[in-house]
Amino acid sequence: MKKQPQQHSSRGCPEPRPHVAPSAGGGPGQGGAWRRRRPLSLLPFLSLRDYGFCMAALLLFCLGSLFYQLNGGPPHFLLDLRHYLGNSTYLDDHGPPPRKVLPFPSQVVYNRVGKCGSRTVVLLLRILSERHGFNLVTSDIHNKTRLTKNEQMELIKNISTAEQPYLFTRHVHFLNFSRFGGEQPVYINIIRDPVNRFLSNYFFRRFGDWRGEQNHMIRTPNMRQEERYLDINVCVLENYPECSNPRLFYIIPYFCGQHPRCREPGEWALERAKLNVNENFLLVGILEELEDVLLLLERFLPHYFKDVLSIYKNPEHRKLGNLTVTVKKTIPSPEAIQILYQRMRYEYEFYYYVKEQFHLLKRKFGLKSHSSEPPPKPEFFIPSPLETEEPIDDEEQDDEKWLEDIYKR
């Protein structure tokens, strides 16, 4: 029998041949040969192998769906992370609200450095704790930053047993919770230009702030009149204890820790402070750029600092903030400033290091920094918070990825 040429479809595939039943007697057909029976298929253009692949894929999908349901959906950590970062998920619309304690820090310590805007931040935290429902743990002890081993153990025990999520704040040098078997919390802090911090403290101890001079005279009842009205230039140039080391070595111990060498001006304490900043502090901000500090805190820790910038900018809150400004502050002579700068060289090295890290952090979130290199000499002025710059569009894509990486450290 002469073979008929095959007709091809427009796609170049052979047309399916019609099924021909064998002869009634079971013998060969008209052509003297059996026609091969094609498998029955709902989709005639699929081969048996393709059909098998489809069934296997469907089976895997069904098994995966069953596994998904039995295990409660995707990992809670991923859902919480997406919800925190603001991405829409199925759980957001159809499931229970996210847990109060997210996989982000539920234990935060703000070991605030004196005269670095801490009272302004504490005022904000009191408002925020009522609004967001976290536990603000404060201390009435303001003048004991150095603790014995037993005092450290007792304080860490008291902090660790506080209801979570909590934010603990106190003027205290860095505490290593893990040394005593506790869970290490996340630290935050703010520092400022060292000479400006010193001047603010010098006059604050003598004359207080706009809340009332009498209020702070009560805090320094043993200060003699000649000491209270001691000229700042005389104090510096004549090397009074208050205006010389180790009194001027003030900021670094807050980050170095409780070791006795942390109170000795030198490279050891400086390097240890830098190490702790890198390993234990989520953010160390610069008071001169306070609005940017609050913006980043709101971004990193929304359960504590959400809406903090809008509260800070509220005119009513600004009135309260202005009451904490130190009064009767004067600027020393250039000679006295230069001496202070030399005596505080380790403080400035640390300040510039933190400032550089803070500016790198700002750039990750598209905020402009006003200077990329530290000035050769300190900027001696009474700083006011800088206005927050507009974001830089081409760096915003790194925002969420970097934030996720923070909590993997």
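Before any of the text, the structure's been laid out above.
The text that follows walks through the structure, step by step, so that each part is easy to find. (Residues numbered from 1 in each chain as written. Predicted model: local features only at pLDDT ≥ 70, side-chain atom pairs only at ≥ 80, totals over all residues. Heavy atoms only, no water.)

**Re the packing of aromatic side chains**
Argument step 1. Summed over all chains, the structure comprises 15 aromatic pairs.
Argument step 2. Aromatic pair Tyr202 and Phe203: ring centres 5.1 Å apart, planes at 80 degrees, arrangement edge-to-face. Accessibility assignment for this pair places Tyr202 and Phe203 in one class, buried.
Argument step 3. Each ring, one from Tyr341 and one from Tyr348, has its centre 4.9 Å from the other, and the planes form 70 degrees; the classification is edge-to-face.
Argument step 4. The exposure class of Tyr341 is buried, given its relative accessible area of 16%.
Argument step 5. For Tyr348, a relative accessible area of 1% gives the class buried.
Argument step 6. Cluster of aromatic residues (ring-pair linked, three or more members): Phe174, Tyr187, Phe255, Phe281 and Phe350.
Argument step 7. It is Arg197 that lies over the ring of Tyr250; its NZ or CZ is 3.8 Å from the centre.
Argument step 8. Residue placement shows Lys274 over the ring face of Tyr353; its charged tip is 5.1 Å from the ring centre. (Phe/Tyr/Trp six-rings, centres within 6.5 Å; stacked < 30°, edge-to-face > 60°. Buried < 20%, exposed > 50% of the residue type's maximum accessible area, 1.4 Å probe, protein only. Lys NZ or Arg CZ within 6 Å of the ring centre and 35° of its normal.)

**Comments concerning the pairing of strand β1 (residues 107-110)**
Argument step 1. Of the two faces of β1, both are covered, the one formed by Gln107 and Val109 as well as the one formed by Val108 and Tyr110.
Argument step 2. As paired strands, β1 and strand β3 (residues 166-169) are joined by 4 bridges and run parallel to one another. The residue of β3 that forms the bridge with Val108 is Leu167.
Argument step 3. Bridge count for β1 against strand β4 (residues 186-191) is 3 bridges, and the pairing is parallel. Paired with Val109 across the bridge in β4 is Tyr187. (Helix = DSSP H or I, 4+ residues; strand = E, 2+ residues; numbered from the N terminus. Pairing = 2+ DSSP bridges.)

**Observations regarding the packing of helix α12 (residues 290-300) against helix α17 (residues 345-364)**
Argument step 1. At a minimum axis separation of 11 Å, α12 and α17 run at an interaxial angle of 60 degrees. Here α12 is positioned oblique relative to α17, judged by the angle of their axes. At the point where α12 passes α17, the crossing takes the left-handed sense. Residues Asp292, Val293, Leu296 and Phe300 of α12 form the contact with α17, whose participating residues are Phe358, Leu361 and Lys362.
Argument step 2. For the contact of α12 with α17, the per-class residue count stands at 5 nonpolar, no polar and 2 charged. (Axes fitted to C-alpha atoms, helices over the stretch in contact; angles between N-to-C directions. Parallel < 35°, antiparallel > 145°, perpendicular 65-115°, else oblique. Left-handed = near helix turned anticlockwise from the far one by under 90°. Contact = heavy atoms within 4.5 Å. Nonpolar A, V, L, I, M, F, W, Y, C, P; charged D, E, K, R; others polar.)

**Focus on the sheet that holds β1**
Argument step 1. On the basis of which strands lie adjacent, the open sheet formed by 5 strands has the order β2-β3-β1-β4-β5 and parallel pairing. Bordering the open sheet on either side are β2 (135-138) and β5 (281-286), each of which pairs with just one other strand. In this sheet, neighbouring strand axes are inclined to one another by 20 degrees on average, regardless of whether the strands run parallel or antiparallel.
Argument step 2. Bridging between β4 and β5 involves 5 bridges; their strand directions are parallel. Residue pairing for β5: Tyr187 is matched across the bridge by Phe281.
Argument step 3. Each of β4 and β5 is contacted by α12, which is oriented at about 160 degrees to β5, the strand it contacts most.

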